[in-house]
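Here's the letter readout for the chains.
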Amino acid sequence: MRQASVWKASLLTAGIGSAAMAAYHLWMPEQWGWSEKLRATPPAIAWGAVMINACFSVMLLFGAIVRVCCAWRWSKRDALTWACVAGMGAFWVFNAAYQFVSPMPLPDRLLFIGWILSGFAVAMAVLYGAALIAARSRQGGRWR
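All of the points below concern the structure found in this document. Note that this is a predicted model, so its numbers are computed, not measured.

Attention now goes to the overall build of the protein chain. Scanning the protein chain from terminus to terminus reveals five helices and zero strands. Traced from its N-terminal end to its C-terminal end, the protein chain shows the element sequence α-α-α-α-α. Per-residue burial for the protein chain yields a buried fraction of 36% across its 144 residues. Accessible surface for the protein chain amounts to roughly 8,800 Å². Of this, 72% is attributable to carbon and sulfur atoms.

A separate point is the nonpolar core. Counting residues in each nonpolar core, the largest one holds 25 residues, and the members touching the most others are Trp7, Leu11, Leu60, Val85, Trp92 and Tyr128. Of all the secondary structure elements, the ones that give two or more residues to this core are helix H1 (3-31), helix H3 (43-71), helix H4 (79-101) and helix H5 (111-138).

This part is about H3. Compared with the 42 Å implied by 1.5 Å per residue over 29 residues, the 42 Å span of H3 between its first and last C-alpha is a close match. Ala46, Gly48, Asn53, Ser57, Leu60, Gly63, Ala64, Arg67, Cys70 and Ala71 are the residues of H3 that are buried.

Definitions and cut-offs
Residues numbered from 1 in each chain as written. Predicted model: local features only at pLDDT ≥ 70, side-chain atom pairs only at ≥ 80, totals over all residues. Heavy atoms only, no water. Helix = DSSP H or I, 4+ residues; strand = E, 2+ residues; numbered from the N terminus. Buried < 20%, exposed > 50% of the residue type's maximum accessible area, 1.4 Å probe, protein only. Areas by Shrake-Rupley, 256 points an atom, 1.4 Å probe, with all protein chains shown as cover. Core = buried A, V, L, I, M, F, W, Y, C linked by side-chain atoms within 4.5 Å. Expected span 1.5 Å × (residues − 1).

Structural data, given as structure tokens:
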């Protein structure tokens, strides 16, 4: 596969995956019943938990959109594009590492969810890494 194809396929897949995770995070408080469970906490903490999750979701969604746009900037493999792709890759590496060091506390019957989320984070990191490697090899080992 040509480097341009690897670049686009990796970034499009990673961007769509990141956007899907953002959408899931917007729905997650409803799925897990946060409003009822957070009633026992001080209102500022409950508000903060929901606000942080919402802001994270929106930031991840915008990051995913930028990565999809980067996929179409193959001819402009400049430092800004590299920084955007590398930044999102670093986010997913950190995400995966955090999940392995401090797994999500889940009941035994739901432990598979932790493995799915960890695997998803690793897959996203690999996709962003593949895009960076493909772009660098096409450039003769350097960025413009």
